[in-house]
Every structure is written in structure tokens, then in C-alpha cells.
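So you can see what is in the structure, the chains are spelled out below.
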Amino acid sequence: MTSQSTANIPTPDQIRRAPKVLLHDHLDGGLRPGTIVDIARETGYDRLPESDPDKLGLWFREAADSGSLERYLETFSHTVAVMQTRDALVRVARECAEDLAEDGVVYAEVRYAPEQHLEGGLSLEEVVEAVNEGFREGEQLARESGHRIRVGALLTAMRHAARALEIAELANRYRDLPGGGVVGFDIAGAEAGFPPTRHLDAFEYLKRENNHFTIHAGEAFGLPSIWQALQWCGADRLGHGVRIIDDIEVADDGSVRLGRLAAYVRDKRIPLELCPSSNLQTGAAASYAEHPIGLLRRLHFRATVNTDNRLMSGTSMSREFEHLVDAFGYTLDDMQWFSVNAMKSAFIPFDERLAMINDVVKPGYAELKSEWLFQ
Ligand SMILES: O=c1[nH]cnc2c1ncn2[C@H]1C[C@H](O)[C@@H](CO)O1
Ligand SMILES: [Zn+2]
């Protein structure tokens with residue numbers, strides 16, 4: 001007879017079926033290798049390092065496994081290269097929504113940088129409309145195969161470039177669309193040398209518009225980047241934020257002391273969009289077992305679990321949770337805690353977040369948690 005305590009450690013199948021919430025996933029970091037090969041052939045892009053989809057998938061994982069964020073980011077030149085036409089963007093977005101739904105994700109915010117998709121002659125607006133169309137098609141196809149998912153877009157501006165205000169204005173124009181649209185804004189790219197305050201005009205504009213934004217901060221660079229993102233720029237969430245650990249001291253007797261920034265992040269319930277596998281690849285953490293998510297969860301930070309780049313990390317939401325279950329012995333209750341945290345931190349309206357938590361996430365976990373009774 002299975003007991004409740006062993007049954008509460010989820011099996012891989014339960015992890016996949018559990019309702020999961022994803023806040024940090026890059027559209028150009030999640031393509032299917034076969035799709036990259038197809039589009040490269042159709043559009044005449046001849047610089048792919050491999051033409052066999054399996055080998056190409058492996059190439060991305062290995063190339064991204066460099067220990068440096070800068071080298072990791074170089075792999076995106078190939079995915080961005082095959083995302084320059086309307087058809088390609090619709091397809092990639094559709095498949096993204098389908099893949100997430102198949103993996104048991106019920107709500108996702110997926111980000112991309114419109115300014116990187118203009119080389120084929122599309123306008124910024126055409127890029128956003130193509131991606132939105134793909135997400136809607138993917139949601140519909142997922143429904144037809146028995147999965148429910150909602151996907152919102154986050155528009156990213158590249159931190160080394162100078163188009164943040166323009167992209168923030170774009171994000172604001174595509175808000176509040178019926179059926180879902182652009183739910184917020186982000187900045188990404190190499191962190192060292194490109195502080196978020198370079199883009200203050202964009203953040204101040206979004207605040208005046210009562211809009212939402214997250215900032216990649218505290219990944220390759222430490223506390224100053226997190227501090228700027230919160231106290232100068234006013235970020236609602238931190239993309240990664242994992243280096244907040246540098247402001248937490250754990251003494252030999254297990255007692256914990258938070259510095260002022262870490263205390264602020266916890267007190268204000270600032271969501272941390274943690275991405276364990278990505279951090280291992282860029283050198284921000286040494287192993288799953290040593291990943292700061294273990295301590296941050298114990299200390300009740302508003303921690304969430306995310307994929308970052310499913311292609312480059314060969315991962316999925318289920319894979320991320322499998323690693324965490326192995327490393328920390330997490331149960332279905334822990335998974336629910338992370339999923340509720342993420343849903344609370346989403347950029348959609350409060351009533352919709354609440355309904356997702358009460359009517360989708362919690363009932364999904366209750367169902368899984370009761371399975372042991374009927375075995
Ligand atoms: O983990 C990341 N840190 C900083 N930038 C990133 C990360 N993953 C992807 N990006 C960049 C590369 C993409 O081309 C861009 C937009 O999705 O965002
Ligand atoms: Zn990211």
C-alpha cells in the first residue's frame with residue numbers, strides 16, 4: 001500500500017500532468033530543432049552548424065554549456081536568423097504554445113525582442129501581430145488535443161541596444177487585446193556593462209502608463225544590478241535575481257541573516273524568476289543541489305521555477321521540476337507552492353490570476369494528491 005508521504009513525492013508522469021505556471025521563457029530560446037531546420041531550408045539560411053534535427057538540438061545544448069552568459073547568448077544568432085518572416089514567427093509561436101501545453105503548463109508569459117526580427121522587412125507591429133496570432137492558434141490546437149493553456153507575450157528590449165522606449169511604447173499599444181496580447185515588458189542580453197538604468201526612460205514611461213515590467217538582473221552580475229532594477233527602475237519582478245543569495249548569510253548553526261536588499265526583496269514579495277538549468281550553463285550556479293532556489297524556498301522568498309531557454313538547456317517545465325524533486329525532495333505541495341507563487345506574480349489582472357489559482361492550479365494539485373488513495 002502506498003502511504004501518503006511517499007505518494008506526495010511526484011513521479012515524472014505526475015510532474016508532467018501537474019498544472020504549471022511559467023513566467024520566464026524566451027520564444028527564440030525554445031524552437032523545435034526540426035522547425036529550425038525546416039525554416040532554414042525554406043528561407044535559404046545556410047549557416048546552421050548541423051542539418052540533422054537531433055544533432056542540431058545537441059549542438060545548442062553543448063554550445064550553450066559554456067559557463068559564460070556572453071557565449072551562451074551567441075547561440076541565439078541561429079534561432080533569430082530563422083525568425084524573420086511572418087510565417088516563421090506564427091509557426092514558432094504556435095508550436096511554443098502547443099509544446100508548453102503538452103508539458104502541462106496552464107499559464108505562460110513568453111518573451112522575445114521584436115527589434116531582432118526586422119531583417120526580413122517586417123515592421124515591429126507585424127512582428128507582434130504574427131507572434132500573437134501564433135499563440136492564439138497554439139492555444140486553440142492545444143484545446144483540441146485536450147490541454148488548456150493561456151499564453152501572454154512580454155516584449156523584450158535588448159540592453160546593449162537603444163530601442164527600449166520604442167519597444168515599451170509598442171508593448172503599451174498591444175495591451176488589453178481581446179483573447180490575450182502583450183502583458184508586459186522586459187530587458188535582456190549581456191548584463192555586465194549594460195546596467196538597467198541605461199533604459200530608465202522606458203521604465204519611467206511604463207510606470208506612467210501603469211504597465212508592468214520585469215528586468216533580467218542578478219544573473220551574470222550581482223547585487224548592484226538587482227538594486228538598480230528595483231530601486232532605480234521600479235521592476236515588478238526580477239528575471240533570475242538568483243544572485244540575491246549574495247546578500248544572505250547562513251551561519252554554521254544554520255541561522256540566517258538577510259542584508260537590506262535581500263530583506264526588501266522578501267518583505268515586498270518581489271517575484272524571482274529562477275531558471276535552474278540555465279544558471280548551471282552560464283555558471284551562475286554549480287549544481288542543482290547547490291542552486292540557491294533551495295534556500296530561497298525555505299526562507300519563503302517569492303520564488304518561481306522557469307525554463308529560460310528550453311532549446312539551449314534541453315529542458316521543459318517538467319524537467320526543471322524533476323531536477324528539483326531529485327535535488328531537494330520536493331513534494332506536490334512544493335510544486336503547488338511554486339505554481340501559486342508564479343500565478344500570483346503574473347502580469348494579467350488580479351481576478352484572472354485568482355481564478356487561475358482557485359479554479360485551475362489548486363484543483364489540479366488536489367486531484368494529483370488524492371491519487372494514492374485509489375491505487
Ligand atoms: O538568460 C538570459 N539572460 C539574458 N539574456 C537572455 C537570456 N536568455 C535569452 N536572452 C536574450 C537572447 C534573446 O535573443 C533575447 C530575447 O529573447 O534575450
Ligand atoms: Zn532569460
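Residues numbered from 1 in each chain as written. Chains lettered and ligands numbered in written order. Predicted model: local features only at pLDDT ≥ 70, side-chain atom pairs only at ≥ 80, totals over all residues. Heavy atoms only, no water.

In the nomenclature of an unreviewed UniProt entry, the protein corresponds to Adenosine deaminase from the organism Streptomyces pseudovenezuelae. Reading the Function (unreviewed entry) entry of the UniProt record for the protein gives the comment "Catalyzes the hydrolytic deamination of adenosine and 2-deoxyadenosine." Heading Sequence similarities (unreviewed entry) of the UniProt record for the protein holds this comment: "Belongs to the metallo-dependent hydrolases superfamily. Adenosine and AMP deaminases family. Adenosine deaminase subfamily." (UniProt positions renumbered as here; feature names shortened; annotations may be inferred.)

J.: Residue-level account of the packing of aromatic side chains, with values.
T.: Applying the stated rule across the entire model yields nine aromatic pairs. Geometrically, the ring pair formed by Tyr 72 and Phe 76 is tilted, given 6.2 Å between the ring centres and 55° between the ring planes. Among the aromatic residues, those joined into a ring-pair cluster are Phe 321, Phe 328, Tyr 330, Trp 337 and Phe 338. Positioned above the aromatic ring of Phe 347, the side-chain terminus of Arg 237 is 3.9 Å from the ring centre. Between the NZ or CZ atom of Arg 297 and the centre of the ring of Trp 337, over which it lies, the distance is 4.1 Å. (Phe/Tyr/Trp six-rings, centres within 6.5 Å; stacked < 30°, edge-to-face > 60°. Lys NZ or Arg CZ within 6 Å of the ring centre and 35° of its normal.)

J.: Hey, could you go over the pattern of salt bridges for me, with residue numbers and the actual values?
T.: Applying the stated criterion across every chain yields a total of 25 salt bridges. Note that Glu 95 is salt-bridged to Arg 32, the shortest N-O span being 3.6 Å. Taken together, the positions of Glu 95 in helix α7 (residues 86–102) and Arg 32 in the loop between β1 (20–26) and α3 (33–43) put the pair 63 residues apart, joining distant regions of the chain. In this structure, Arg 41 and Asp 38 form a salt bridge, with 3.9 Å as the shortest nitrogen-oxygen distance. Pair noted here: Arg 41 and Asp 38 are both in helix α3, with a separation of three residues, about one helical turn. Its relative accessible area of 62% is what places Arg 41 among the exposed residues. Asp 38 sits in the partly exposed class, given a relative accessible area of 24%. Taken together, the salt bridges that share partners define one network made up of Arg 32, Asp 38, Arg 41, Arg 91, Glu 95, Glu 98 and Asp 99. (Salt bridge = Lys/Arg side-chain N within 4 Å of Asp/Glu carboxyl O. Helix = DSSP H or I, 4+ residues; strand = E, 2+ residues; numbered from the N terminus. Buried < 20%, exposed > 50% of the residue type's maximum accessible area, 1.4 Å probe, protein only.)

J.: A description of the nonpolar core should follow, citing residues and the corresponding values.
T.: Counting residues in hydrophobic clusters, the biggest one holds 117 residues, and the most contacted among them are Leu 27, Tyr 107, Phe 135, Phe 185, Ile 215, Ile 248 and Phe 301. No other element matches the nine residues that α7 contributes to this core. Contacts of Phe 301, omitting those with residues within four sequence positions, involve Ile 248, Leu 258, Ala 262, Val 265, Arg 266, Arg 269, Leu 272, Leu 296, Trp 337 and Asn 341. (Core = buried A, V, L, I, M, F, W, Y, C linked by side-chain atoms within 4.5 Å. Contact = heavy atoms within 4.5 Å.)

J.: Please set out the coordination of the zinc ion (ligand 2) residue by residue, giving values where relevant.
T.: Taken together, His 24 (NE2), His 26 (NE2), His 216 (NE2) and Asp 308 (OD) make up the full set of protein donors to the zinc ion (ligand 2), lying 2.1 to 2.2 Å away. Here the zinc ion (ligand 2) is ringed by four donor atoms whose angles at the metal span 84 to 172°, and the overall shape comes out irregular. Each donor residue of the zinc ion (ligand 2) belongs to the same chain, with the gaps between them written as H-x1-H-x189-H-x91-D. One end of the pair, His 26, is in strand β1; the other, His 216, is in strand β5 (residues 214–217), and 190 residues separate them in sequence. We note that His 26, like His 216, is buried. (Donors = N, O, S within 2.8 Å, 3.2 Å for Na, K, Ca; no water. Tetrahedral: all angles 85-135°; square planar, octahedral: opposite > 155°, others 65-115°.)

J.: Tell me about the side chain of Lys 20, and please be specific about residues and values.
T.: Inspection of the secondary structure puts Lys 20 in strand β1. Buried charged residue Lys 20 carries no salt bridge. Nearest counter-charge: Asp 103, at 5.0 Å. In this structure Lys 20 touches Ile 15, Asp 103, Gly 104, Val 105, Val 106, Tyr 107, Met 317, Ser 318, Phe 321, Met 335, Ser 339 and Tyr 365, once residues within four positions along its chain are discounted. (Lys, Arg positive; Asp, Glu negative; His and termini not counted.)

J.: Explain the UniProt feature "binding site: Zn(2+)" (unreviewed entry) in the protein residue by residue, including any values.
T.: With numbering aligned to this structure, UniProt lists the feature "binding site: Zn(2+)" (unreviewed entry) at His 24, His 26, His 216 and Asp 308. Annotated residues spanning 285 residues; largest pairwise C-alpha distance 11.9 Å, indicating a single compact cluster. Contact partners of His 26, with chain neighbours within four places excluded, come to Val 110, Arg 111, Ala 188, His 216, Asp 308 and Asn 309. Its relative accessible area of 5% is what places His 216 among the buried residues.

J.: For the sheet that holds β1, give the residues involved together with the corresponding values.
T.: With parallel pairing, the four strands of this open sheet are ordered in space as β1-β2-β3-β4. Strands at the two margins of the open sheet, each flanked by one partner only, are β1 and β4 (182–188). Across the sheet, the mean angle separating the axes of adjacent strands is 25° when strand polarity is ignored. Examined bridge by bridge, β1 and strand β2 (residues 105–112) share five bridges and lie parallel to one another. Each bridged residue has a counterpart across the sheet, and for Val 21 the counterpart in β2 is Tyr 107. Each of β1, β2 and β3 (150–158) is contacted by helix α18 (residues 350–369), which is oriented at about 130° to β2, the strand it contacts most. (Pairing = 2+ DSSP bridges. Axes fitted to C-alpha atoms, helices over the stretch in contact; angles between N-to-C directions.)

J.: Tell me about the confidence of the model for the protein, residues and numbers included.
T.: Mean pLDDT for the protein: 95, with 97% of residues reaching 70 or above. By mean pLDDT, helix α1 (residues 4–7) is the weakest element of the protein at 62, and β1 is the strongest at 99. The complex model carries a pTM of 0.97, and its ipTM stands at 0.99. (pLDDT = per-residue confidence, 0-100.)

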